[in-house]
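Overview (structure and organization)
So the chains spell out like this:
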Amino acid sequence: MAEEKLSRRDQILQALVHMLETQPGARITTANLAKQVGVSEAALYRHFPSKAKMFEGLISFIEETIFSRINRILQDVPTAEERCGHILLLVLTFAERNPGMCRLLSGDALSGETERLRDRIHQLFERLETQFKQVLREAELREGKLPTHTASSLANLLTATLEGKIRQYVRSEFAIKPTAYWDEQWQLLQGQLLRQSQVSV
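One structure accompanies this document, and this report is about it.

What counts as what
Residues numbered from 1 in each chain as written. Predicted model: local features only at pLDDT ≥ 70, side-chain atom pairs only at ≥ 80, totals over all residues. Heavy atoms only, no water. Buried < 20%, exposed > 50% of the residue type's maximum accessible area, 1.4 Å probe, protein only. Helix = DSSP H or I, 4+ residues; strand = E, 2+ residues; numbered from the N terminus. Arc of directions from axis to C-beta. Axes fitted to C-alpha atoms, helices over the stretch in contact; angles between N-to-C directions. Parallel < 35°, antiparallel > 145°, perpendicular 65-115°, else oblique. Left-handed = near helix turned anticlockwise from the far one by under 90°. Contact = heavy atoms within 4.5 Å. Nonpolar A, V, L, I, M, F, W, Y, C, P; charged D, E, K, R; others polar.

**Quick look at helix H2 (residues 30-37)**
Taken together, the buried positions of H2 are occupied by Thr 30, Leu 33, Ala 34 and Val 37. Down the axis of H2, the sector holding all buried residues measures 100 degrees, keeping them to one side. Positioned one or two residues after H2, Gly 38 has a phi angle of 85 degrees, which is positive.

Set out below in structure tokens:
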């Protein structure tokens, strides 16, 4: 029985993502979502007490997917520049493969929804920025390299790049992919991040 419930719950979330992707700009209603899933609104509320809880379920999935993979990057990738590059590409690729979820990440689908949801997205990007900052600060200890500017300003730039490319994807109704021009753009960013520390012997 529990297995059946879980599968219905996942079905609801998948339908929600599909609607976010195929109806850009549209406000999602529980009536439309119930029709998409093929159940009554009452059946939806048996699995999720509110639409906000459905959105929270998707945001939790985004957080778990991205940050579990970032932990693997931190274990497997040795240098700060490569770590930043891998994290950026991870988030951009995840966004590209999940256009419906980008409407959450950009805040586009959260207009008129509870402030708690917007706070969750804000915290997700703050957590990414903190991660970039930590990677850049550790470069001196691990590699004898210093950030070219403050680690805070560079981490903010990398995070703003992610947010900008995700917003552009949503604004273009998923025509301009987040990874478009990324190889060239990463070369520009990479060259500005770190410099060799001038330590006197």
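**What to know about the packing of helix H5 (residues 80-97) against helix H7 (residues 115-143)**
Where H5 contacts H7, the axes come no closer than 9 Å and their chain directions differ by 160 degrees. Looking at the two axes, H5 sits roughly antiparallel to H7. In this structure, H5 meets H7 at a crossing whose hand is right-handed. Residues Ala 80, Arg 83, Cys 84, Ile 87, Leu 88 and Val 91 of H5 form the contact with H7, whose participating residues are Leu 128, Gln 131, Phe 132, Val 135, Leu 136, Glu 138, Ala 139, Arg 142 and Glu 143. Of the residues assigned to the contact of H5 with H7, the class counts are 10 nonpolar, 1 polar and 4 charged.

**Considering the environment of Glu 126**
Inspection of the secondary structure puts Glu 126 in helix H7. Note: C-alpha distance between Glu 126 and Asn 156 (30 residues apart in sequence) is 9.0 Å.

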